Amino acid sequence: AAGVIQSPRHLIKEKRETATLKCYPIPRHDTVYWYQQGPGQDPQFLISFYEKMQSDKGSIPDRFSAQQFSDYHSELNMSSLELGDSALYFCASSLQGMGGNTIYFGEGSWLTVV
Amino acid sequence: EDQVTQSPEALRLQEGESSSLNCSYTVSGLRGLFWYRQDPGKGPEFLFTLYSAGEEKEKERLKATLTKKESFLHITAPKPEDSATYLCAVQGRGGSSNTGKLIFGQGTTLQVKP
């Protein structure tokens, strides 16, 4: 079965540079989520999109922005990178239902800021 | 505010030694409680969703149960390949968003020795 696809898998950037992460959700899923996971920490919710509209916002820095495109893929744009932005960034997707909706995660994109 | 606490933080078992992981939660209206397995550097792998108190689900050596305040992940006769971090997350009904972001606990790192 198709899973959530993220690219790139690894990314090294210098301080103050910009980075863009891409996410392709599971086909027919209508919701995309972005999470950040620092070393030894649990995933922290950044932002989500439902049917291409921003639906919820978590602890996403103002330097970061995201959007979902007409083909449902999503991009997380990070500017003025700081050392503390080094983390594993996950994209996840789900299909909204009447009850809870299972959220499936991609393999993540490792961002290292040097 | 939705909150999840997992215990213990780390657990070391001998192969075949059964045990349980705990997940205590507070949430403003539970849509679902999720268990994920995460291997180092990988994305969380979906295991179970539980929706209401009294519900139980099983998969191979794992069994998840749910009460109104906590969930348990029981591991029966574990094998070394069960070594991983197990994450518990809740999906609430609160807030203006209905897209169900997950709030994670810190995880329990399980090590099973042969």
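Here goes a summary of the coordinates provided.

Rules behind the numbers
- Residues numbered from 1 in each chain as written.
- Chains lettered and ligands numbered in written order.
- Predicted model: local features only at pLDDT ≥ 70, side-chain atom pairs only at ≥ 80, totals over all residues.
- Heavy atoms only, no water.
- Helix = DSSP H or I, 4+ residues; strand = E, 2+ residues; numbered from the N terminus.
- Rg over C-alpha atoms; globule rule 2.2 N^0.38 Å.
- Buried < 20%, exposed > 50% of the residue type's maximum accessible area, 1.4 Å probe, protein only.
- Contact = heavy atoms within 4.5 Å.
- Areas by Shrake-Rupley, 256 points an atom, 1.4 Å probe, with all protein chains shown as cover.
- Lys, Arg positive; Asp, Glu negative; His and termini not counted.
- Charge placed at Lys NZ, Arg CZ, Asp CG, Glu CD.
- Pairing = 2+ DSSP bridges.
- Axes fitted to C-alpha atoms, helices over the stretch in contact; angles between N-to-C directions.
- Polar contact = N/O pair within 3.5 Å; in protein donor to acceptor, adjacent residues only side chain to side chain.
- Phe/Tyr/Trp six-rings, centres within 6.5 Å; stacked < 30°, edge-to-face > 60°.
- Buried area = accessible area lost by both parts, 1.4 Å probe.
- Salt bridge = Lys/Arg side-chain N within 4 Å of Asp/Glu carboxyl O.
- Disulfide = S-S within 2.5 Å.

**Some words on the overall build of chain A**
A tally of regular secondary structure across chain A gives zero helices and eleven strands. For chain A, the α and β elements follow one another from N to C terminus as β-β-β-β-β-β-β-β-β-β-β. Its C-alpha radius of gyration of 13 Å places chain A within 12% of the 13 Å reference for a compact globule of 114 residues. Its C-alpha atoms give chain A principal-axis dimensions of about 45 × 25 × 25 Å. A total of 114 residues make up chain A; the buried ones form 48% of that total. Residue pairs in contact within chain A that sit at least 24 positions apart in sequence constitute 53% of those at least 6 positions apart. Summed over its atoms, the accessible surface of chain A is roughly 5,500 Å², and 51% of this surface lies on carbon and sulfur atoms. Between the mean site of the 9 positive side-chain charges and the mean site of the 12 negative ones, chain A shows a separation of 4 Å.

**Section: the sheet that holds strand E3 (residues 19-24) of chain A**
Residues and elements named next belong to chain A. Pairing in this open sheet of four strands is antiparallel, and the strands run E1-E3-E8-E7 from one edge to the other. A single partner strand is all that each edge strand has here, and the edge strands are strand E1 (5-7) and strand E7 (64-68). Ignoring which end each strand starts from, the neighbouring axes of this sheet average 15 degrees apart. Pairing geometry for E1 and E3, over three bridges, is antiparallel. Considered in E3, the bridge of Ile5 is made with Tyr24.

**So, the side chain of A:His29**
The topology assignment puts A:His29 in the loop between E3 and strand E4 (31-37). Among the polar contacts listed, one links the side chain of A:His29 to the side chain of A:Ser93, at a separation of 2.7 Å.

**Brief notes about the side chain of B:Gln38**
Locating B:Gln38 in the fold gives a position in strand E4 (residues 30-38). Residues contacting B:Gln38, with those up to four places away along its chain left out, are A:Gln37, A:Phe90, B:Gly43, B:Pro44, B:Ala84, B:Thr85 and B:Leu87.

**Side note on the packing of aromatic side chains**
Under the criterion given, the structure shown has twelve aromatic pairs over all chains. Seen in terms of ring centroids, A:Tyr104 and B:Phe46 are 5.7 Å apart; in terms of plane orientation they differ by 65 degrees. Their pairing is edge-to-face. A residue pair is termed interchain when its members come from two chains, as with A:Tyr104 in strand E10 (residues 104-105) and B:Phe46 in strand E5 (residues 45-50). A network of ring pairs unites the aromatic residues A:Tyr35, A:Phe45, A:Phe90, A:Tyr104, A:Phe105, B:Phe34, B:Tyr36, B:Phe46 and B:Phe104 as a single cluster.

**Some words on the interface of chain A and chain B**
Interface size, as often reported, equals the accessible area lost upon joining of the parts. Facing the 28 residues of chain A at the interface are 22 residues of chain B. Between chain A and chain B, a total of about 1,900 Å² is buried, with carbon and sulfur atoms accounting for 50% of that surface. A salt bridge links A:Asp56 to B:Lys101; the nearest nitrogen and oxygen atoms lie 2.9 Å apart. At the junction of chain A and chain B, the tally comes to five residue pairs in polar contact (both at pLDDT 80 or more). Of all elements in the fold, only E4, strand E5 (44-50), strand E6 (53-57), strand E9 (87-94) and E10 of chain A reach the threshold of two or more residues within the side of chain A that touches chain B. If you tally residues by element for the side of chain A that touches chain B, the top one is E4(A), at four residues.

**Considering the state of the cysteines**
Enumeration over the complete set of coordinates arrives at two disulfides over all chains. Put simply, A:Cys23 and A:Cys91 are joined by a disulfide, and their sulfur atoms are 1.8 Å apart. Between A:Cys23 and A:Cys91, the disulfide has an S-S torsion of -60 degrees and is therefore left-handed. Linking A:Cys23 in strand E3 with A:Cys91 in strand E9, this pair joins segments that are 68 residues apart in sequence. The pair A:Cys23 / A:Cys91 is uniform in exposure class, with both members buried. The disulfide bridge from B:Cys23 ends at B:Cys88, spanning 1.9 Å between sulfur atoms. Around the S-S axis, the bridge from B:Cys23 to B:Cys88 shows a dihedral of about -65 degrees and counts as left-handed. Separated by 65 residues along the polypeptide, B:Cys23 in strand E3 (residues 19-26) and B:Cys88 in strand E9 (residues 84-92) bring together distant segments of the chain. The burial state of B:Cys23 is the same as that of B:Cys88; both residues are buried.

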